[in-house]
Amino acid sequence: MNTTARTLRSSVSVAGAALLLAATGVALAPAATADSGLPALAVSTAAPAEIGLAGQPVGFTTTASNVGKNDTSSTRLIYHIDGGGGLPPNALSLQYRLSGTAWKTVPLKMSDLKFFGELPETFPLAAGQSRTVQLRIGLPMGTPHNGDSNGGTDHLKLTTMISYGAAGAANDVDEDTVKVGALSTSLSGVPATAVVGGPGVTFRATVSNPTPSAYENVTDVLYTNRHTTVQVLRSGAWKTLKPITSNAEPDLYGFDVIGKDASMAAHSSTSVKVRVAYRKGAALGKTDVAPCAIVNEGSIPFRGSTFCGESASIKLTAAASGRPTPTASAKPSAKPSATASAPAGTGTHTPTASVTPSTTTTAPADTRTHTGTDTQLASTGSSGVSAIAVAAAALVAAGAGALGFAALRRRRARG
């Protein structure tokens, strides 16, 4: 039971639990007395404080106790998980093990936008004894290389019920709240100006995992326009990246700056130095570079569980007349940085599953399907929206981009 857990023991809570149990087909048992001949069971779940949206599962435990004087041969554990109505049917996973090292699946059913499941195995529990079951819960948001591109939540309400017998009533109920975090991605040191046809500008791209979930199949994408050449510093040399495009927005180029399908440990980050050069033909004036981390991207470019950071604006200027235009050097001036610790100087912010990789004072037309939370847009001081921001938003509207929300910035009444 975590710090927000509440065990339903008062008459008011029991009445609420009865409504919940009715949805799962389990009744709430009357309190067992010493001479009733019935077991008196109690349950306590040590739920994880947080898990990562679209990440790997996080372990926790449930302890079942027989606090009465009568044995039971078939203890049952039943789980109810409520994500607030914003999760698709394949969003959640729940696994357990009673013994050994192999994880087994708890089958889950979805009803009224909530998940219900029961351990497929029962176990005996003698009077006065307890047993702790190992479990792990995750929000994979789809399957490997087929991540959900819509849906999300900022917390889960996890309810554990304990019962006995083939159709026994629930003896006890435990409630926990699990925070849901997410990957974050950012750019730092982006210069304010660049020369069209001139040397490239350098800055750093970082993707961070502040959650206790590990992540697999992570691709950190830098969005630019079609007139750019993008390089990253790897093993002491600049490597030119191949642009990726989508049929929906052919003028929007994406570059996998940390490599495709990377793995990230819990509470880790990785950072890379990036160089962007704007070729002749690029329009003068304001342009953007925008980062998005995509989990389980499939065969369709930019489609998966997507988390976008703030874009950065660069003013493109013409080369000075009468002077030769320098070209970007292929020799690096520094060695790359890719660590498993939080980057220095990036600050702390709340991760969100953004609906657009550009954050400006004037947002593109809102074509999102809202599911009860809002994504905050940070001001960049721009008076308008660049073509990159509009194009990226169009990808999202077409279902090829970001999740609907993870809106961790919004405050909720926990009740």
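Not measured: the values here are computed from a predicted model.

1. Quick word on the overall build of the chain
- Counting its regular elements, the chain contains two helices and 28 strands.
- The 415 residues of the chain split such that 49% are buried.
- The contacts in the chain between residues at least 6 apart in sequence include a share of 77% that link residues at least 24 apart.
- Carbon and sulfur atoms make up 53% of the accessible area of the chain, which totals about 18200 Å².

2. Topic: the sheet that holds strand β21 (residues 237–240)
- The sheet built from five strands is open, its strands ordered β16-β18-β25-β20-β21 with antiparallel pairing. Each edge of the sheet is formed by a strand with only one pairing partner; in this case those strands are β16 (184–188) and β21. Ignoring strand direction, the axes of neighbouring strands in this sheet form an average angle of 30°.

3. Section: the packing of aromatic side chains
- By the definition in use, this model includes two aromatic pairs.
- Here the basic side chain of Arg 131 rests over the ring of Phe 123, its NZ or CZ set 5.2 Å away from the ring centre.
- Over the ring of Trp 238 we find Arg 275, and its NZ or CZ is 4.3 Å from the ring centre.

4. Considering the pairing of strand β6 (residues 93–97)
- Strand direction decides the pairing type here: β6 and strand β11 (residues 130–138), joined by five bridges, are antiparallel. Its bridge partner being in β11, Gln 95 is matched across the sheet by Arg 136.
- Pairing analysis gives two bridges linking β6 to strand β7 (residues 104–105), with the strands arranged antiparallel. If you follow Gln 95 over to β7, its bridge partner there is Thr 105.

5. Some thoughts on the state of the cysteines
- Per the stated rule, a full pass over the model turns up one disulfide.
- Between the sulfur of Cys 292 and that of Cys 308 lies a disulfide, 2.0 Å long from S to S. Between Cys 292 and Cys 308, the S-S dihedral sits near 105°, and the bridge is therefore right-handed. Here Cys 308 lies in strand β27 (residues 305–308) and Cys 292 lies in strand β26 (residues 285–295), a separation of 16 residues in the sequence. In this structure, Cys 292 and Cys 308 share a single accessibility class: buried.

6. Quick look at the pattern of salt bridges
- Enumeration over the complete set of coordinates arrives at six salt bridges.
- Lys 260 serves as the salt-bridge partner of Glu 297, at 3.1 Å between the closest nitrogen and oxygen. You can see Glu 297 sitting in the loop between β26 and β27 and its partner Lys 260 sitting in the loop between β23 (249–256) and β24 (262–264), a full 37 residues away along the chain.

7. What about the side chain of Asp 148?
- Looking at where Asp 148 falls in the secondary structure, it is placed in the loop between β13 (146–147) and β14 (155–164).
- Buried and unpaired, Asp 148 has Arg 303 as its nearest opposite-charge partner, separated by 7.1 Å.
- Within the structure, the side chain of Asp 148 is placed 3.2 Å from the backbone nitrogen of Gly 142, a separation counted as a polar contact.

8. Notes on the nonpolar core
- Grouped together as the largest cluster of nonpolar side chains are 67 residues, with contacts concentrated most on Leu 156 and Val 274.
- The next biggest cluster of nonpolar side chains, apart from the first, holds eight residues, and it includes Tyr 223, Leu 252, Cys 292 and Cys 308.

9. Looking at the pairing of strand β5 (residues 72–82)
- Of all eleven residues in β5, ten are buried, a share of seventy percent or more.
- Sheet topology places β5 next to strand β10 (residues 123–125); two bridges connect them, and they run antiparallel. Looking at the pairing, Thr 72 lines up with Leu 125 of β10.
- Inspection of the sheet shows β5 paired to β14 by eight bridges, in the antiparallel sense. By the bridge assignment, Leu 77 is partnered in β14 with Ile 162.
- When β5 meets strand β9 (residues 114–118), the two strands line up antiparallel, connected through five bridges. When the bridges of β9 are listed, His 80 appears paired with Phe 116.

10. Quick look at the sheet that holds β11
- What the five strands build is an open sheet, ordered β2-β4-β11-β6-β7; its pairing is antiparallel. Here the strands that pair on one side only, and so sit at the sheet edges, are β2 (41–46) and β7.
- Taken together, the eight bridges between strand β4 (residues 58–66) and β11 define a ladder with antiparallel strand orientation. Within the sheet, the bridge partner assigned to Thr 63 lies in β11 and is Thr 132.

11. Some thoughts on the environment of Pro 210
- Summarising the element assignment, Pro 210 is placed in the loop between β18 (201–209) and β19 (215–225).
- Put simply, Pro 210 and Ile 51 are 159 residues apart on the chain and 9.8 Å apart in space, counted from C-alpha to C-alpha.

12. As for unusual backbone geometry
- If you check the backbone angles, Ala 54 has positive phi at about 70° while not being a glycine.
- With respect to the secondary-structure elements, Ala 54 resides in the loop between β3 (50–52) and β4.
- Despite not being glycine, His 145 shows a phi value in the positive range, around 60°.
- A relative accessible area of 38% places His 145 in the partly exposed class.

About the thresholds
- Residues numbered from 1 in each chain as written.
- Predicted model: local features only at pLDDT ≥ 70, side-chain atom pairs only at ≥ 80, totals over all residues.
- Heavy atoms only, no water.
- Helix = DSSP H or I, 4+ residues; strand = E, 2+ residues; numbered from the N terminus.
- Buried < 20%, exposed > 50% of the residue type's maximum accessible area, 1.4 Å probe, protein only.
- Contact = heavy atoms within 4.5 Å.
- Areas by Shrake-Rupley, 256 points an atom, 1.4 Å probe, with all protein chains shown as cover.
- Pairing = 2+ DSSP bridges.
- Axes fitted to C-alpha atoms, helices over the stretch in contact; angles between N-to-C directions.
- Phe/Tyr/Trp six-rings, centres within 6.5 Å; stacked < 30°, edge-to-face > 60°.
- Lys NZ or Arg CZ within 6 Å of the ring centre and 35° of its normal.
- Disulfide = S-S within 2.5 Å.
- Salt bridge = Lys/Arg side-chain N within 4 Å of Asp/Glu carboxyl O.
- Lys, Arg positive; Asp, Glu negative; His and termini not counted.
- Polar contact = N/O pair within 3.5 Å; in protein donor to acceptor, adjacent residues only side chain to side chain.
- Core = buried A, V, L, I, M, F, W, Y, C linked by side-chain atoms within 4.5 Å.

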